[in-house]
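Each chain, letter by letter, is given below.
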Amino acid sequence: MPRLLAILVLLLLAAPLRAQPVAVSDVLSVEVLPGWREADGRHLAGLRVQLRPGWKTYWRNAGATGIAPQMDWRGSRGLRSVTPLWPTPTLFGPAEARSIGYTSDFVLPLEIVATGPGPVQLRGILDLGVCADICLPARVTVRAQLPAAGRHDPVIAAALADRPRRVEAPARCRLSPGADGLTLTGDLDVAPQGRAEAVVFELPDPSVWITDAHVARQGRRLEARAEVIARGRAGLSVDRSRLRITVIGDRGAVEIFGCTG
């Protein structure tokens, strides 16, 4: 019997371990930082996002291989709007399959327009993707009362200062017919943001999708080419003045609003 027991123990030790299920709460937590009210009625709050080491989550534009975050604030009271002010993200993955996001803890500032001088009841549902060797869809509910005055928070202020820097740089955009919509080519005069760079084109219309851009640089001249596709509707036009162009590298990021034809 002892010999049989020893054999069973050896077989159990030799068997491959099955991957254990991972709970979202083990890898991601979100805490509301209540922030402060400005004289013009804007309230600046923040979400402290904490990630387990080795995990990542995504920027507002996650790239072709990322999972873009979604936020629903309709359950809130005492506010007109909530605008996330994203800090500078990181690029990960090869250029042909790049995603954009965060590989460590960060604070996401929220600019909230209050309806009056009283407190704001912030109620939100956040749908995020978190990834390591596997990816998990994470739904997080946030609830907080934001005081009518509040206190200046240096952590939120530091995250606001860490956003892509807005620059007034020459930018020309050309549009031509593409396979599924329009081909957008941007010709930008911006300083290099690092060895590896990505260019993200965005429009305020959520029904218009712009693919990851192919990027080529020569000195200060940066050319980026992407496809513009209308989701579920015929006809497509692009207002160049409403394009947001973000250049992201391993040394920082800059934003350009609008370009000429």
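For the structure itself, look to the data block above.
All of the points below concern the structure found in this document.

## Structural notes on the state of the cysteines
Scanning all chains against the criterion turns up two disulfides. Disulfide pairing is shown between C173 and C259; the S-S distance is 2.0 Å. Its torsion about the S-S bond being -120°, the disulfide of C173 and C259 is classed as left-handed. With C173 in strand β12 (residues 171–177) and C259 in the segment after β19 (252–257), this pair connects stretches of sequence that are 86 residues apart. You can call C173 buried: its relative accessible area is 0%.

## Describing the sheet that holds strand β4 (residues 70–72)
If you trace the three strands from one edge of the open sheet to the other, you get β4-β9-β10, paired in antiparallel fashion. Two strands close off the open sheet at either side, each with one partner strand: β4 and β10 (135–146). The mean inter-strand angle of the sheet, taken between neighbouring strand axes irrespective of direction, is 20°. The pairing of strand β9 (residues 120–131) with β10 spans 12 bridges and is classified as antiparallel. Within β10, the residue paired with G129 across the bridge is P137.

## Focus: the packing of aromatic side chains
The tally for this structure, following the rule as stated, stands at three aromatic pairs. With centroids separated by 6.1 Å and ring planes inclined at 65°, the aromatic side chains of Y58 and F92 adopt a geometry described as edge-to-face. Taken together, the positions of Y58 in strand β3 (residues 57–58) and F92 in strand β6 (residues 90–92) put the pair 34 residues apart, joining distant regions of the chain. Of the two residues examined, Y58 and F92, each falls in the buried class.

## Observations regarding the side chain of S99
Locating S99 in the fold gives a position in strand β7 (residues 99–102). Excluding anything up to four places from it in sequence, S99 contacts Y58, A62, G63, T65, G66, T90, L91 and F92.

## Here we look at the nonpolar core
Grouped together as the largest cluster of nonpolar side chains are 37 residues, with contacts concentrated most on L28, I112 and L122. Within the residue set of this core, elements represented by two or more residues are β1 (28–37), β2 (42–51), β5 (79–84), β7, β8 (106–114), β9, β10 and β14 (197–202). Counting residues per element, this core draws most heavily on β10, which supplies six residues.

## Brief notes about helix α3 (residues 154–161)
Structurally, the α-helix is built with 3.6 residues per turn, so residues lying three or four positions apart point the same way. Turning to α3, its buried residues are I156, A159 and L160. Viewed along the axis of α3, the buried residues span an arc of 105°, placing them on a single side of the element. Away from its buried face by more than 90 degrees, α3 exposes P154 and A161. In this structure, the buried residues of α3 make contact with β1, β2 and β8. The distance from a side-chain oxygen at the start of α3 to the backbone nitrogen of V155 is 2.8 Å, and the residue carrying that oxygen is D153.

## So, the pattern of salt bridges
Overall, the coordinates contain 12 salt bridges when judged by the stated rule. Of the charged contacts, one joins E31 and R48 as a salt bridge, the two residues approaching to 3.2 Å between their closest N and O atoms. One end of the pair, E31, is in strand β1; the other, R48, is in strand β2, with 17 residues separating them in the sequence. R48 sits in the partly exposed class, given a relative accessible area of 28%. The partner of D187 in a salt bridge is R221, with the nearest N and O atoms 3.2 Å apart. One end of the pair, D187, is in strand β13 (residues 182–189); the other, R221, is in strand β17 (residues 221–230), with 34 residues separating them in the sequence.

Basis of the calculations
- Residues numbered from 1 in each chain as written.
- Predicted model: local features only at pLDDT ≥ 70, side-chain atom pairs only at ≥ 80, totals over all residues.
- Heavy atoms only, no water.
- Disulfide = S-S within 2.5 Å.
- Helix = DSSP H or I, 4+ residues; strand = E, 2+ residues; numbered from the N terminus.
- Buried < 20%, exposed > 50% of the residue type's maximum accessible area, 1.4 Å probe, protein only.
- Pairing = 2+ DSSP bridges.
- Axes fitted to C-alpha atoms, helices over the stretch in contact; angles between N-to-C directions.
- Phe/Tyr/Trp six-rings, centres within 6.5 Å; stacked < 30°, edge-to-face > 60°.
- Contact = heavy atoms within 4.5 Å.
- Core = buried A, V, L, I, M, F, W, Y, C linked by side-chain atoms within 4.5 Å.
- Arc of directions from axis to C-beta.
- Polar contact = N/O pair within 3.5 Å; in protein donor to acceptor, adjacent residues only side chain to side chain.
- Salt bridge = Lys/Arg side-chain N within 4 Å of Asp/Glu carboxyl O.

Remember that the coordinates give geometry; whether it matters functionally is a separate question.
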